[in-house]
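The residues making up each chain are set out below.
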Amino acid sequence: LSQLPGWSMRPDGTIIIATGNDDALGVYRCTPYNSYGTAGESQPTRVLLKDPPAFTVRPKEEYFQEVGRELVIPCTAHGDPPPTVTWLKVGSAGKSGAQVDGNSSLIFHPLVKEQHGVWECTATNQVASVSTTTAVHVLGTSPHAVTNVSVLPLLLAANISWEPGFDGGYFQRFSVWYTPLVKHPPQAHHDWVSLSVPVGAQHLLVENLQPDMSYQFSVLAQNKLGSGPFSQIVTSVPRGKRGPVLTTVPPEPPAMTMRVFLSPPQALTANETARGVLLQWEPPAQFSVALSGYALELRQDKGGWEVLDRSIPSTKTQVLVPGLIKDTFYEFRLVAFAGSYISNPSNTVNVSTAGMEVYPSRTQLPELLPQPVLAGVIGGICFLSVAVVFSTMAACIMNRRRAARIQKRRQGRSRSAGC
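What counts and what doesn't
- Within any chain, residue numbers begin from 1 and follow the written order of that chain's sequence.
- Owing to the predicted nature of the model, reporting of local features is limited to residues with pLDDT of at least 70; listing and counting of side-chain atom pairs is limited to 80 or more, with chain, interface and lining totals taken over all residues.
- The basis for every side-chain value is the complete set of non-hydrogen atoms in the structure, without hydrogens or water.
- Only one rule defines a salt bridge in this text: a Lys or Arg side-chain nitrogen within 4 Å of an Asp or Glu carboxyl oxygen.
- Only DSSP runs of H or I reaching four residues or more are called helices, and only runs of E reaching two or more are called strands; each is numbered from the N terminus.
- Burial classes: relative accessible area under 20% of the type maximum marks a residue as buried, over 50% as exposed, and values in between as partly exposed (1.4 Å probe, protein chains only).
- What makes two residues a contact is simply this: any of their non-hydrogen atoms within 4.5 Å.
- Two strands make a pair as long as DSSP finds a minimum of two bridges between them.
- To obtain each axis, a line is fitted to C-alpha atoms, and for helices this fit is confined to the stretch in contact; angles are then taken between N-to-C directions over 0 to 180 degrees.

- Going by what an unreviewed UniProt entry lists, the chain is known as TUTLA protein and is assigned to Mesembrinibis cayennensis.

Next up, the structure:
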């Protein structure tokens, strides 16, 4: 063994081969012995070299597709012996409704909301097992349930926070539902008190609660297609009233500093029109200085954010975006400007052009041309039209005069012949 690099033997007789290669191939026998001799060698064992699975085609990190359409996700692997490829939805124990074809591709036909999530492709043979994952985003559905709901008990209040689920491809809003936990069967959600959550927020302060009473809280997401499922119910007890307040000398007030409040634009929505995607929004709810304008940002297929238009006037609350590429997933968001200050981004709206017609680019829409250019084009067309009319009239006049001259000459010749 000392002549083979990477080979060693443990005290119990096990052989360790650090790197498997052709030197390891062959038949092995083990012979135990001590000072009294040996009872014989073991049965022979054969060492074979096999290749673990390796992916030849991996799925992309993410897929975006409309509900009801077909989606095919490839995943192939090779190895010795040839591996078996299986698909499984992460975190789901039930049937997924998806199929696997002869090429080990995952097929959704049709794609449904419940198939949204992370899918794992696993290749297995006798040597090893390897896996890779991909995320499937199902567009055109009601929103998914929020997750990680937490409640922070405060004085006669509670602060509820959560992480949004997938919005189904549309702008989503949230509402917090709560009810006191009393000694009778739980009430249905429609009997609970609901509070709307400000646009873009992922937390809400619920006030005026009773001290030392248990409350149940749940969060509901909604978009233009309807409501998603309620989140899990969280129970919490607000803190009671304070004890006697001790009189203390108030601290010296801090020096006055000017704070600029500039909240993000609100309720950004996207609607498909014949000329492109129309984005509409509401101005920021709070701003302590005059607005200077807005900037529109977009990203394509989960890439980096880019500024599409940085000079939208502060008086506008909508903008038309033409020139989108077919079968592409877009995300849009707005920021507001006030002097040298810039707000946080607004809520993000998703636009999928899967199955849509390709929108014309900005330069193909005459109504979107700058006014000086448009005026020049119209003026040139009018000038050409007038020139054509005058040329036609001049040609007609010249033809009439020529015809009149020819007629006079013929009449003169006729008189001469008569004499």
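Additional details are given in the paragraphs that follow.
## As for the pattern of salt bridges
Step number 1: Tallied over the entire structure, the rule returns 4 salt bridges.
Step number 2: For Asp80, the salt bridge identified is with Lys50, shortest N-O distance 3.9 Å. Of the two residues, Asp80 is situated in strand E8 (residues 76-80) and Lys50 in the loop between strand E4 (45-47) and strand E5 (51-57); the sequence distance between them amounts to 30 residues.
Step number 3: Of the residues examined, Asp80 reaches a relative accessible area of 31% and is grouped as partly exposed.
Step number 4: Note that Arg333 and Glu297 form a salt bridge whose closest N and O atoms lie 2.6 Å from each other. Here Arg333 is found in strand E27 (residues 329-338), whereas its partner Glu297 is found in strand E24 (residues 293-300), with 36 residues between them in sequence.
Step number 5: For Arg333, a relative accessible area of 18% puts it in the buried group.
Step number 6: Residue classification places Glu297 among the buried residues on the basis of a relative accessible area of 15%.

## Regarding the side chain of Ser104
Step number 1: Its place among the elements puts Ser104 in the loop between strand E10 (99-100) and strand E11 (106-108).
Step number 2: Setting aside residues up to four positions removed in sequence, Ser104 forms contacts with Cys75, Val85 and Trp87.

## Describing the sheet that holds strand E22 (residues 266-273)
Step number 1: With respect to topology, 3 strands assemble into an open sheet ordered E22-E23-E26, the strand pairing being antiparallel. The open sheet has two free edges, formed respectively by E22 and strand E26 (318-321), since each of these has just one partner strand. With strand direction ignored, the average angle separating the axes of adjacent strands in the sheet is 20 degrees.
Step number 2: Relative to strand E23 (residues 276-282), E22 runs antiparallel, the two sharing 6 bridges. Within E23, the position partnered with Ala270 by the bridge is Leu279.

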